[in-house]
Amino acid sequence: MLHTARRLLTAPLLLAALGAGLVVAPGTAEAAGVSATIKVGSTLKVRSAPSLNAKVVGTVRNKQKVSVACFVIGQKVKGSVRTTTAWDRLSTGRYVSHGYVTAAKSLPRCAVSSPTAVPSRTKTSGTSRYVTGTVKSTEGVVNLRSGAATTESVTGTVASGAKIDLTCAVTGQLIDGTVRSTTQWDRTPTGSYISHAYVYSGTLPVCAGSQTPTPSVTLTPAQFIAASVPGAQRGWREYGVPPSVTIAQAVLESGWGRSGLAAVDRNYFGIKCQNGSFGKLATGCHVYRTNECTKAGTCFATSASFRTYATQSHSFRDHGNFLRVNSRYAGAFTHTRDANKFIWTVWKAGYATDPNYYTKVTGIMASYDLYQYDTWK
């Protein structure tokens, strides 16, 4: 069943949910690596770095078995299996996009990774050193702004495919863009800013006087909540699940977005594929090794196929759809404007076997004042 598997898969991260930003250390790769299978039309290029701009150092064929040491975050790729920013480091030290890989079990995060490990050229103008990046957007032009947030004034626009000179990077508003999800914003020589979520570039130095840009997988609780609000509120409008409930469940079940499911496949609720079907909001399925337990308390190792998503928002909306279409949770939807009664009814209907699940969820809702995001208020 979906729910017992989900609890065990993310159980080591439950402390993070209540620990106000406790960071989970990257996993250590097994010496022999994790066995995985390539799924591609014919052949897949192996790269020297986690980017389609990186040097091609070999190829692998469809259904070929490979050994994966760990994964890093790099360029977003729409593959045959999923759309993802994860790249798998092979035991040879080379990279393939996780968008084309199915693994025998979940992959550990590499101990050292760079979300901007994309080769690019640099140039010098006077005494300034620039890095030239390339803008990529499936949403039209990208705005340049006076600061590192979408609330700052627009100072210009850049078309997809255009080259842009960059001087340094700062930490700002989390943006879920075409290339990646990140809090990094890049400063141009004119002093304007562009979200790194739409830019391919080499590593930029940190702007003087600013904090080191952090990847989205190490979001603070405040950043995670801010990133969660739009998807949760849209889920409320479409399906009637209170936003405070959706956000709190995501915190608890993904460990503030740091679980393997969330970091790799943007699945924040452990929703499974059913007989290979992943619905309209997911992009595919990813098989993980996990544990399941019977009602009698007997646990056993098994494989489970979980849905993968292109964005966090899609995962949050699918959570609302999952609850809405399952008749066992129908009673909860008589309490769509009472968040505590809603999650109580969902829990009593069998959503989770944890006897403290309701207390944990409502505790998160109260501790972080998630009720303020309930749209009807």
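Residues numbered from 1 in each chain as written. Predicted model: local features only at pLDDT ≥ 70, side-chain atom pairs only at ≥ 80, totals over all residues. Heavy atoms only, no water.

## Quick look at the overall build of the chain
Here is step 1: Along the backbone of the chain there are eight helices and 18 strands.
Here is step 2: Looking at the chain residue by residue over its 377 residues, the buried ones come to 51%.
Here is step 3: On the chain, roughly 16,200 Å² of surface is accessible, and the fraction owed to carbon and sulfur atoms is 52%. (Helix = DSSP H or I, 4+ residues; strand = E, 2+ residues; numbered from the N terminus. Buried < 20%, exposed > 50% of the residue type's maximum accessible area, 1.4 Å probe, protein only. Areas by Shrake-Rupley, 256 points an atom, 1.4 Å probe, with all protein chains shown as cover.)

## Remarks on the environment of Ala208
Here is step 1: Relative to the helices and strands, Ala208 is located in the loop between strand E16 (199-200) and helix H3 (221-239).
Here is step 2: Expressed as a C-alpha distance, the spacing of Ala208 and Ala169, which sit 39 residues apart in the sequence, is 9.2 Å.

## Some remarks on the packing of aromatic side chains
Here is step 1: For the structure shown, the criterion picks out twelve aromatic pairs.
Here is step 2: Ring geometry for Phe224 versus Tyr268: centroids 6.0 Å apart, planes at 55 degrees, classification tilted. Of the two residues, Phe224 is situated in helix H3 and Tyr268 in the loop between helix H5 (260-265) and strand E17 (284-293); the sequence distance between them amounts to 44 residues.
Here is step 3: Its relative accessible area of 10% is what places Tyr268 among the buried residues.
Here is step 4: Look at Trp256 and Tyr368: their rings are 5.1 Å apart centre to centre, the planes differ by 75 degrees, and that puts the pair in the edge-to-face class. Of the two residues, Trp256 sits in the loop between helix H4 (243-254) and H5 while Tyr368 sits in the segment after helix H8 (357-367), which places them 112 residues apart along the sequence.
Here is step 5: One aromatic cluster is present, built from ring pairs that chain together Phe224, Trp256, Tyr268, Phe269, Phe316 and Tyr368.
Here is step 6: Here Arg324 stacks its cationic end above the ring of Phe333, 4.4 Å away from the centre of that ring.
Here is step 7: Sitting over the face of the ring of Trp347, Lys348 holds its NZ or CZ atom 5.4 Å from the ring centroid. (Phe/Tyr/Trp six-rings, centres within 6.5 Å; stacked < 30°, edge-to-face > 60°. Lys NZ or Arg CZ within 6 Å of the ring centre and 35° of its normal.)

## Focus: the pattern of salt bridges
Here is step 1: Under the defined criterion, the tally for this structure stands at five salt bridges.
Here is step 2: Measuring nitrogen to oxygen at the nearest pair gives 3.1 Å for the salt bridge that ties Arg234 to Glu238. With Arg234 and Glu238 both in helix H3 and four residues apart, the pair spans about one turn of that helix.
Here is step 3: Residue classification places Arg234 among the partly exposed residues on the basis of a relative accessible area of 35%.
Here is step 4: Residue classification places Glu238 among the partly exposed positions, given a relative accessible area of 34%. (Salt bridge = Lys/Arg side-chain N within 4 Å of Asp/Glu carboxyl O.)

## Re the state of the cysteines
Each disulfide consists of one covalent bond between the sulfur atoms belonging to two cysteines.
Here is step 1: Applying the stated criterion across every chain, the model contains two disulfides.
Here is step 2: Here Cys168 pairs with Cys207 through a disulfide, and the sulfurs are 2.0 Å apart. Residues Cys168 and Cys207 are joined through a disulfide that is right-handed, its torsion about the S-S bond being 90 degrees. On the criterion of sequence distance, the pair formed by Cys168 in strand E13 (residues 168-176) and Cys207 in the loop between E16 and H3 is long-range, its members being 39 residues apart. Each member of the pair Cys168 and Cys207 is classed as buried. (Disulfide = S-S within 2.5 Å.)

## Here's the deal with the packing of H3 against helix H6 (residues 312-325)
Here is step 1: It is the contact of H3 with H6, at a shortest axis distance of 8 Å, that shows an interaxial angle of 40 degrees. Crossing angle aside, the handedness with which H3 passes H6 is right-handed. Each of Phe224, Ala227, Ser228, Gly231, Ala232, Arg234, Gly235, Glu238 and Tyr239 in H3 lies in contact with H6, whose residues at this interface are Gln312, Ser313, Phe316, Arg317, Gly320, Asn321 and Arg324. (Axes fitted to C-alpha atoms, helices over the stretch in contact; angles between N-to-C directions. Left-handed = near helix turned anticlockwise from the far one by under 90°. Contact = heavy atoms within 4.5 Å.)

## A word on unusual backbone geometry
Here is step 1: You will see that Trp256, though not glycine, has its phi angle at about 60 degrees, which is positive.
Here is step 2: Residue Trp256 is classed as buried on the basis of its relative accessible area, which comes to 1%.
Here is step 3: Unusually for a residue other than glycine, Arg266 sits at a positive phi of about 55 degrees.
Here is step 4: Position of Arg266 among the secondary structure elements: in the loop between H5 and E17.

## Comments concerning the side chain of Gln249
Here is step 1: By secondary structure assignment, the location of Gln249 is in helix H4.
Here is step 2: Each residue touching Gln249, except ones within four places of it in the same chain, is listed here: Phe269, His319, Ile343, Tyr351, Tyr357 and Val361.

## Overview of the environment of Ala332
Here is step 1: Residue position: Ala332 is located in the loop between H6 and helix H7 (339-348).
Here is step 2: Ala332 gets classed as buried once you look at its relative accessible area, which sits at 0%.
Here is step 3: In this structure Ala332 touches Phe342, Thr345 and Val346, once residues within four positions along its chain are discounted.

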